[in-house]
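# Structure at a glance
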Amino acid sequence: MSEKKLTFAHGLVGMFLEMTAADGKMDEVELQTVGALVRLHLEPNGFDQAARKQIIAESYDWWASYETTKDRAIAIFGLAIGMQKAISKEERIKIAKGLTVIAAADKEIAEGEQAFFNGCLDCLGLTFEDLE
């Protein structure tokens, strides 16, 4: 398990990365979607291209540092719970919708992606009705 101190930006990228892997493979189209979503979420908050690249690299290192998917998911869910107080509901809805875009990027939604999405939705304090 990683000892690195993480920001919500790292948690966001980690969450997006985990969604790409939730179906058992990380497709290039999903990873490209992650890059676009990271820009969408972080650029308005003052993260220029160099800062976003650094956050992505640090987040990937953190994400890859976990030995099991379960441990990684628990860490991501913990960060998502913290986002409930730190990030507006509107922004959390955008994050959840981004997760659906990643899941559908390869034209299929696997059972693992659905399960991970449901966990994220719960930890973000959202319901399916919030996404409508």
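In short, a report on the structure. (Residues numbered from 1 in each chain as written. Predicted model: local features only at pLDDT ≥ 70, side-chain atom pairs only at ≥ 80, totals over all residues. Heavy atoms only, no water.)

### Overview of the overall build of the chain
Helix and strand counts for the chain stand at 6 helices and 0 strands. Put simply, the chain runs from its N terminus to its C terminus through helices and strands in the order α-α-α-α-α-α. In terms of overall dimensions, the chain is globule-like: its C-alpha atoms have a radius of gyration of 13 Å, near the 14 Å expected for 132 residues. Its C-alpha atoms give the chain principal-axis dimensions of about 35 × 30 × 25 Å. For the chain, the proportion of its 132 residues judged to be buried stands at 45%. (Helix = DSSP H or I, 4+ residues; strand = E, 2+ residues; numbered from the N terminus. Rg over C-alpha atoms; globule rule 2.2 N^0.38 Å. Buried < 20%, exposed > 50% of the residue type's maximum accessible area, 1.4 Å probe, protein only.)

### Quick notes on helix 2 (residues 28–42)
A rise of 1.5 Å per residue sets the reference length of helix 2, with its 15 residues, at 21 Å; its end C-alpha atoms lie 21 Å apart and thus fit the reference within 8%. Turning to helix 2, its buried residues are Glu-30, Thr-33, Val-34, Leu-37, Val-38, His-41 and Leu-42. For helix 2, the arc enclosing every buried residue in end-on projection is 145°, short of the 170-degree limit, so these residues lie on one face. Within helix 2, the exposed residues directed more than 90 degrees away from the buried face are Glu-28, Gln-32 and Leu-40. Looking at the buried residues of helix 2, the elements they touch are helix 1 (8–21), helix 3 (49–64), helix 5 (89–104) and helix 6 (111–123). (Expected span 1.5 Å × (residues − 1). Arc of directions from axis to C-beta. Contact = heavy atoms within 4.5 Å.)

### Considerations on helix 4 (residues 69–86)
Here helix 4 spans 25 Å end to end across 18 residues, near enough to the 26 Å set by a 1.5 Å rise per residue. Where helix 4 is concerned, the buried positions are Arg-72, Ala-73, Ala-75, Ile-76, Leu-79, Ala-80 and Met-83. The buried side chains of helix 4 occupy one side of the element, clustering within an arc of 160° when seen end-on. Those residues of helix 4 that are exposed and aimed more than 90 degrees away from the buried face are Lys-70, Ile-74 and Lys-85. Packing partners of the buried residues in helix 4 comprise helix 1, helix 3, helix 5 and helix 6.

### Observations concerning the environment of Thr-7
Within the secondary structure, Thr-7 is located in the segment before helix 1. Look at Thr-7 and you get partly exposed, because its relative accessible area is 38%. Linking Thr-7 and Leu-79, residues 72 residues apart in sequence, is a C-alpha distance of 8.7 Å. Engagement of the side chain of Thr-7 in a polar contact is seen with the backbone nitrogen of Ala-9, the distance being 3.2 Å. (Polar contact = N/O pair within 3.5 Å; in protein donor to acceptor, adjacent residues only side chain to side chain.)

### Here we look at the pattern of salt bridges
Taken as a whole and assessed by the stated rule, the structure comprises 7 salt bridges. The partner of Lys-25 in a salt bridge is Asp-23, with the nearest N and O atoms 3.3 Å apart. Judged by relative accessible area, Lys-25 falls into the partly exposed class, the value being 37%. Its salt-bridge partner being Lys-89, residue Asp-130 comes within 3.0 Å of it at the nearest N-O pair. Of this pair, Asp-130 sits in the segment after helix 6 while Lys-89 sits in helix 5, and the two are 41 residues apart along the sequence. Taking relative accessible area as the criterion, Lys-89 reaches 40% and is therefore assigned partly exposed. By sharing partners, the salt bridges in this structure join Asp-23, Lys-25 and Asp-106 into a single network. (Salt bridge = Lys/Arg side-chain N within 4 Å of Asp/Glu carboxyl O.)

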